[in-house]
Amino acid sequence: MPLFGPPDVARLEAKRAVLGLIKALGFQKDPQVRCRAAEALGRCGEPRTVEPLLVALGDPDADVRSGSAKSLGLLHAPEAVEPLLNALEDEHHGVRASAARSLGALADARAVVPLVIALKDGYAAVREASSDALGAIGAPALDLLVAALKDSDGAVRKGASEALVLMGGPAVEALVTALADPQLRSIAGAMIGQIGDPRAIGPLVVALSDDSDQIRNAAADTLDLLAWSPDAGEGGAAYWAAKGQWQKCVEIG
């Protein structure tokens with residue numbers, strides 16, 4: 001039956017009338033109706049809505065494409081990964097941002113490289129969404145994010161650091177290792193402090209005995225950020241030595 005007037009999307013969603021919402025997604029007279037329908041279909045959480053939403057990623061209206069991209073993430077549809085990767089290159093920044101967030105929700109490793117590239121996007125919303133997505137994807141993004149901390153583009157460095165902090169615990173070991181890199185020492189220590197994960201303490205205490213005085217100093221400073229208290233053993237002695245507090249070392253014996 002043809003639609004003679006604008007569909008009442010709110011009423012259709014309240015009734016969970018999925019077929020009605022799918023019809024509303026095709027209502028050509030008003031892109032705002034299509035946009036509201038796209039977003040409502042995502043909230044319905046039904047797998048049969050995936051295909052029409054994939055089609056709607058090609059809608060001429062950017063708001064409809066953005067709403068569709070957002071809903072595909074809510075539906076956790078693995079078949080949406082490739083179409084969302086294409087949407088990550090959409091001409092409209094709102095669509096790119098929605099695609100990035102949904103790729104984070106899907107947590108597919110195929111999205112890592114495109115999302116790192118998207119950290120260079122000219123729009124802050126896209127960069128932020130890409131950073132959040134990489135943090136959500138986690139371990140598959142770890143190596144590229146650590147490498148991106150040395151990128152010549154400040155926006156990329158910022159996005160990578162935010163993603164690593166968001167990742168939390170899984171990033172700690174890589175960041176402790178990064179203390180050995182003169183270019184990363186300061187930022188890696190600061191990020192470990194922001195994460196505040198106690199799992200960093202063990203590797204940092206080991207780093208207090210490193211051959212490099214710079215690594216020892218960075219490890220001691222980072223332990224300060226974690227509010228670690230040195231004990232009366234070898235770890236404590238190494239900490240005070242890194243700090244140049246020789247009297248403390250003597251007191252430990």
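Scope of this entry: the structure provided in the associated data block. From a predicted model like this one, the values you see are computed outputs, not experimental measurements.

1. Re the nonpolar core
Phase 1: Of all hydrophobic cores here, the largest spans 84 residues; its most connected members are L115, L134, L164, L175, L204 and L208.
Phase 2: For this core, the element with the most residues is helix α3 (residues 31-44), which contributes seven residues.
Phase 3: Beyond its immediate sequence surroundings of up to four residues, L115 is in contact with L88, A100, L103, S130, A133, L134 and I137.

2. Quick look at the packing of aromatic side chains
Phase 1: Applying the stated criterion across every chain, the model contains two aromatic pairs.
Phase 2: Taking 4.9 Å as the distance between ring centres and 75 degrees as the angle between the ring planes, the aromatic pair formed by Y239 and W240 counts as edge-to-face.
Phase 3: Judged by its relative accessible area of 6%, Y239 is buried.
Phase 4: An aromatic cluster is defined as three or more aromatic residues linked by ring pairs; in this entry it consists of W228, Y239 and W240.

3. Notes on the side chain of D108
Phase 1: On the secondary structure map, D108 appears in the loop between α7 (93-106) and α8 (112-118).
Phase 2: Engagement of the side chain of D108 in a polar contact is seen with the backbone nitrogen of R110, the distance being 2.8 Å.
Phase 3: Filtering out sequence-adjacent residues up to four positions away, D108 remains in contact with V81, L103 and I137.

4. So, the environment of R36
Phase 1: Residue placement: R36 occurs in helix α3.
Phase 2: Note on R36: relative accessible area 41%, which makes it partly exposed.
Phase 3: For R36 and V9, which are 27 residues apart along the polypeptide, the C-alpha to C-alpha distance reads 6.7 Å.

5. Some details on the pattern of salt bridges
Phase 1: Applying the stated rule across the entire model yields 14 salt bridges.
Phase 2: Across the pair R65 and D90 runs a salt bridge, and its minimum N-O distance is 2.9 Å. Pair noted here: R65 is in helix α5 (residues 62-74) and D90 is in the loop between α6 (81-87) and α7, with a separation of 25 residues, a long-range link.
Phase 3: The exposure class of R65 is buried, given its relative accessible area of 7%.
Phase 4: Residue classification places D90 among the buried residues on the basis of a relative accessible area of 15%.
Phase 5: Where D132 meets R101, a salt bridge forms, and the shortest distance between an N and an O atom there is 3.0 Å. Taken together, the residues span a long stretch of sequence, with D132 in helix α9 (residues 124-137) and R101 in helix α7 at a distance of 31 residues.

Thresholds applied
Residues numbered from 1 in each chain as written. Predicted model: local features only at pLDDT ≥ 70, side-chain atom pairs only at ≥ 80, totals over all residues. Heavy atoms only, no water. Core = buried A, V, L, I, M, F, W, Y, C linked by side-chain atoms within 4.5 Å. Buried < 20%, exposed > 50% of the residue type's maximum accessible area, 1.4 Å probe, protein only. Helix = DSSP H or I, 4+ residues; strand = E, 2+ residues; numbered from the N terminus. Contact = heavy atoms within 4.5 Å. Phe/Tyr/Trp six-rings, centres within 6.5 Å; stacked < 30°, edge-to-face > 60°. Polar contact = N/O pair within 3.5 Å; in protein donor to acceptor, adjacent residues only side chain to side chain. Salt bridge = Lys/Arg side-chain N within 4 Å of Asp/Glu carboxyl O.

Geometry only, nothing functional implied.
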